[in-house]
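# Working through the structure, step by step
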Amino acid sequence: MSSKSKNLRTESEIEKYRSESNWKKAVETARAVEHKALDLASLVLLVYGEGQLEEFLLEHEPVEKNHAKAKAALASAEDQLHRAGQSRDKIGIQAQLLLGKLLYCCGEYRKALDILDQVDLHNVVLNSASSRMYLIAAEAYAVKGFCLEKVAPPSTSKYRAAEREENIISCYESAGDLAILYFQDHDKNMPASTSSSSLSAVETGVGPILDRAIQQSPIMLIKNGDLLRGVNRFRELLRAVECRYTQNIRQSLAKNLAEVLIRGMCETTYKPIDLMARSSQAKGPKPRVYTGDRFVPEDINEEVLLLLLISEAIATREAVLDRSAEAADAREHAFANTSAVYDLLAIVLVRRAQFNLLFESFERALRFSFEEFHIWHQFANSLICAGKYSRALLVLKECYRLKPRNPVVPLQAAKLCYEYLHQYQEGVNWSKKAIEIGNNHPFMARSHMALGIGYSMQAIEARLQAERLALYKQALMSFKVAHEKDPQDYLVAFHVALQYAVLRQIPEALTYVRLALTYRSDHVHSLHLLVLLLTAQKQNQEAMLLIQTALEEYPENLSLLLTKSKLEEVLLGPEEALASCREMMKLWKDIHEIDSEEGSDGPSHKVTDRNTWDKRSLAQLTMNEFSERGSGSVRAESMAASRMERALSEVASSLNSSFMPRPGSQQSWLLQAQIWLQLAELYLVLNKVSEAEACVVETSSMFPLSHQVYFMRGRVLEHKQQFHEARVCYENAIAINPGHTKSLHHLGDILHLLGDNKLAEKILRDAINMDPTAHAPWYTLGTVLQALGRYEAASDCLLTAAGLEATSPIVPFTVIPRLMQ
């Protein structure tokens, strides 16, 4: 074989090793021919210098703190590249470009610029047949841009400054285009089985120099005030055909563009994607791009969500799962980037009330979030917002294990137990855990308040009056401790007031509710409580003025509207109360339309404005407030009753094909049912029996096996003096919900009218045990005992009824929810 052929083969072999970034093999091959092939002297010098430079960059980033180290370690490489650059062929040009890169790493920015200015980079790229040359030229453009930023401008002229800025941006754009083009070509030569997650950034050819340069051009455009051009540059880079080397860069670009769109644009200033637009002013070859013939986002919401889902998909696929100490830095860096993506996803999806999408995203993140509190806590929050309360509680238990000294976690768990899961003892346990953290943390007052709420809930659930009273006193004590910890917390003052109200200590309740309103005058539940306290003092006119004022602030609060209708019935007559019911029905129609659009019964991915979702939530929040208004009871039996009604309805629908549940949110239909029942009550007062029956029929068509429907049907029959039929209806209501106080009371009254006073006494005592503060069962019991000839006991009952009636609000205090925020 001739020496020329041997040289060509050696040169080809060296180029192969260089393209693979295998510097050890490249240097070994060059050393083997150093003294044999004088024609390759320049190439040998180039390989020696390039190998030392790239090996150094494997361990040290080109940053200021490493400049002194670079000067010492790369002195020999600088000499070799300088000598190789004396030739005028392609080897010399590459040596000069690499020398500029070396000088940049040493902090010699002016020298690096002088070297790079001597080379016509544009022509070098166009005339190059080597893919390696694309990479070297891309890095040269990037280094030139970095050096231009570092070196002080020669002139203070605004025109010169703008020209300099445009030159820097052009360098970064050229660097990005050439780098991506090189990666796309290089990707073809890698085995398909090689996973990008198994290759480091440098091994894949994506070093810190190019990584920064690719992302710098759109950022500089945006900083210079050209937002649209910067956004379009982001879009161009993201449209480039994907390869394994650019996945991490693509993730970062997608995240950064999403952040720019979120912070810098709105729906009115947003410009849709133009596939023909070109923001890059740089000349030269361009990377291959996707045609966009499948899906192109049409608005800002679609584009932001698409960008974040792309970024999330890459992060999930390329997550560092290696838990070894050697992978700690890579794992921490990858997790920090991924966590930022999920935080942006949370912002975007919460704005649009898309909580199902959000918790699904966080669920995917768990596989690489071992022991990462932030992701687990965000997962819990998304589950809570999506209504997955049982799962959220399990996730909060894991969060508590990760950070047992964080009081927010046990307080959130307690809130779930109280307000959604009705696991009151569990909630008390979580509240105690928050208190046990100690050190008077900022949430100590709220922790004692949470404990008081738990005791109060347990008291409502208790069957024995002595146990109930003891729990109420414990609750009051906890609320007072909370008030001592933070005397200016309006919510704590409100709970103290509500507890005094439930215990019928009206003056003390008034003192604390006014204190709560002093700290927060627009707190709806404090306003509502003050209205009820005024009615307990028989100051109904003052209560009406206050509730009208409250409704000016909260015109869509169904609970306030329902209390207003009760007040109007007393003060102005039932005809006026009917007007409030019509207003409630109109409000329900608006809520139902929102629910129908949302598809509340199943996962909805429709983009909905958060304000709309909040409006629905505010109205539905009040459902628990008046679901048991008539009985004054929110006992555990009520929760069991709702589950029984649901099960019975399912059975009814399977046995009777004529009954089908209404489409849409069942909560929304339950709201309407409550309004129909209130209308039925008013029509009975007006002696309009047929209208009342029509209201009951309408409610029955929605919830045929509801205990409240049976109760109201019994009221209509009782009004028509069909006592035997009414008795059956009341018994059916009690069978479904044994804690429904009004059904027990009216059944006792019917039994008394039918002459069965012994059974009536037993039923009325059950009603009193359920709610000893309700005056109506006490009065009826007194009447029954009088009929039985037990006059002294009857007198005591009647006196008790009179005392309770003197402090009874127009609707029970228990309609006001005990919320932790």
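As a starting point, this report considers the structure included with it. Starting afresh in each chain, residues are numbered from 1 along the sequence in its written order. In keeping with the model being predicted, local features are shown solely for residues with a pLDDT of at least 70 and side-chain atom pairs are shown and tallied solely at 80 or more, while totals for entire chains, interfaces and linings include all residues. In computing side-chain properties, one takes all heavy atoms of the structure into account and sets aside hydrogens as well as water.

## Some words on the packing of helix H34 (residues 707-719) against helix H35 (residues 723-736)
In helix packing, the relevant descriptors are the interaxial angle and the interaxial distance, both defined with respect to the helix axes. Threshold: Think of each axis as a best-fit line through the C-alpha atoms, taken over the contacting stretch in the case of a helix, with angles from 0 to 180 degrees between the N-to-C directions. Strands are runs of DSSP state E lasting at least 2 residues, helices are runs of H or I lasting at least 4, and numbering of each runs from the N terminus. Roughly parallel here means an angle under 35 degrees, roughly antiparallel means over 145, roughly perpendicular means 65 to 115, and every remaining angle is called oblique. By definition, turning the near helix anticlockwise from the far helix through less than a right angle yields a left-handed crossing, and turning it clockwise yields a right-handed one. Whether two residues are in contact is decided by their heavy atoms, any of which lying within 4.5 Å being enough.
Relative to each other, H34 and H35 sit at 165°, their axes nearing to 8 Å. Judged on the interaxial angle alone, H35 and H34 are roughly antiparallel. As H34 packs across H35, the resulting crossing turns out to be left-handed. Here His707, Tyr710, Phe711, Arg713, Gly714, Arg715, Leu717 and Glu718 of H34 lie close against H35, whose contacting residues are Phe723, Glu725, Ala726, Cys729, Tyr730, Asn732, Ala733 and Ile736.

## Observations concerning unusual backbone geometry
Inclusion rule: Each residue is placed in one exposure class: buried if its accessible area under a 1.4 Å probe, protein chains only, is under 20% of its type's maximum, exposed if it is over 50%, and partly exposed if it falls in between.
Residues other than glycine seldom take positive phi values, yet His422 does so here, at roughly 55°. Along the chain, His422 falls in the loop between helix H19 (408-421) and helix H20 (424-436). Classification of His422 by relative accessible area gives partly exposed; the value is 26%. Backbone geometry at Gln721 places phi at a positive 60°, although glycine is not the residue there. By secondary structure assignment, the location of Gln721 is in the loop between H34 and H35.

## A closer look at H20
For clarity, the threshold we go by: Expected helix span is given by 1.5 Å per residue-to-residue step, counting one fewer step than there are residues. Note: the arc covers the axis-to-C-beta directions of the helix.
Here H20 is 13 residues long and its end C-alpha atoms lie 18 Å apart, about the 18 Å a rise of 1.5 Å per residue gives. When we look at burial in H20, the residues that qualify are Tyr424, Gly427, Val428, Trp430, Ser431, Ala434 and Ile435. Seen end-on, H20 carries its buried residues on one side only, within an arc spanning 165°. Trailing H20 by a residue or two, Gly438 shows a phi angle of about 75°, which is positive.

## Remarks on the pattern of salt bridges
Note the following rule: Within this document, salt bridges are pairs made up of a side-chain nitrogen of Lys or Arg and a carboxyl oxygen of Asp or Glu, the two lying within 4 Å of each other.
As enumerated under the stated definition, the model contains 36 salt bridges in all. A salt bridge links Glu259 to Arg263, with the shortest nitrogen-to-oxygen separation between them at 3.0 Å. With Glu259 and Arg263 both in helix H13 (residues 247-264) and four residues apart, this pair spans about one turn of that helix. Assessed through its relative accessible area of 23%, Glu259 is described here as partly exposed. The exposure class of Arg263 is exposed, given its relative accessible area of 68%.

## Examining the side chain of Glu54
Here is the rule we go by: N or O atoms within 3.5 Å of each other form a polar contact, as long as, within protein, one can give a hydrogen and the other can take it, and as long as residues adjacent in sequence are counted only when both atoms are side-chain atoms.
With respect to the element layout, Glu54 can be found in helix H3 (residues 41-59). What makes Glu54 buried here is its relative accessible area of 10%. Side chain to side chain, Glu54 and Lys101 meet in a polar contact 2.7 Å long. Setting aside its immediate chain neighbours within four residues, Glu54 contacts Trp23, Leu98, Lys101, Arg132 and Glu139.

Everything listed here is a matter of geometry and, on its own, says nothing about what the molecule does.
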